Amino acid sequence: MQIVVRLDVMLARRKMRSRELAERIGITEQNLSLLKSGKVKGIRFETLAAICAALDCQPGDILEAVPEGEA
């Protein structure tokens, strides 16, 4: 199993740009971009909670577990 970040999908559903989300949650656009691309090894629960609050969603709306090779 691997965890896939679907943050771009939630941003599109909420009609929000990455820049706006980064400003709302207090991280850089570059760090948000790394998170969106799945190039991070982890995420703090505090950051995940801030993203969910800003997008009015649940962690499961952003993170998805998929079998290896299906991402």
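See the structure printed just above.
About the thresholds
Residues numbered from 1 in each chain as written. Predicted model: local features only at pLDDT ≥ 70, side-chain atom pairs only at ≥ 80, totals over all residues. Heavy atoms only, no water. Core = buried A, V, L, I, M, F, W, Y, C linked by side-chain atoms within 4.5 Å. Buried < 20%, exposed > 50% of the residue type's maximum accessible area, 1.4 Å probe, protein only. Helix = DSSP H or I, 4+ residues; strand = E, 2+ residues; numbered from the N terminus. Contact = heavy atoms within 4.5 Å. Salt bridge = Lys/Arg side-chain N within 4 Å of Asp/Glu carboxyl O.

A. Structural context of the nonpolar core. Grouped together as the largest cluster of nonpolar side chains are 17 residues, with contacts concentrated most on Leu7, Leu21, Ile51, Leu55 and Ile62. Of all the secondary-structure elements, those providing two or more residues to this core are helix H1 (7-13), helix H2 (18-25), helix H3 (29-37) and helix H4 (45-55). Here the element with the most residues in this core is H4; it accounts for five residues. If we skip the residues at most four places from it in the chain, Ile51 touches Leu7, Leu21, Ile25, Leu35, Ile43 and Ile62.

B. The arrangement of the pattern of salt bridges in detail. Scanning all chains against the criterion turns up three salt bridges. Here Arg19 and Glu29 are joined by a salt bridge, their closest N and O atoms 3.0 Å apart. In this pair, Arg19 sits in helix H2 while Glu29 sits in helix H3, placing the two residues ten residues apart along the sequence. The class for Arg19 is exposed, based on a relative accessible area of 51%. Here Arg24 ties to Glu20 by a salt bridge, and the two come within 2.8 Å at their closest N and O atoms. Here Arg24 pairs with Glu20, and both are found in helix H2, just four residues apart, close to one helical turn. By relative accessible area, which is 51% here, Arg24 ends up exposed. Here Glu20 falls in the partly exposed class, since its relative accessible area comes to 32%.

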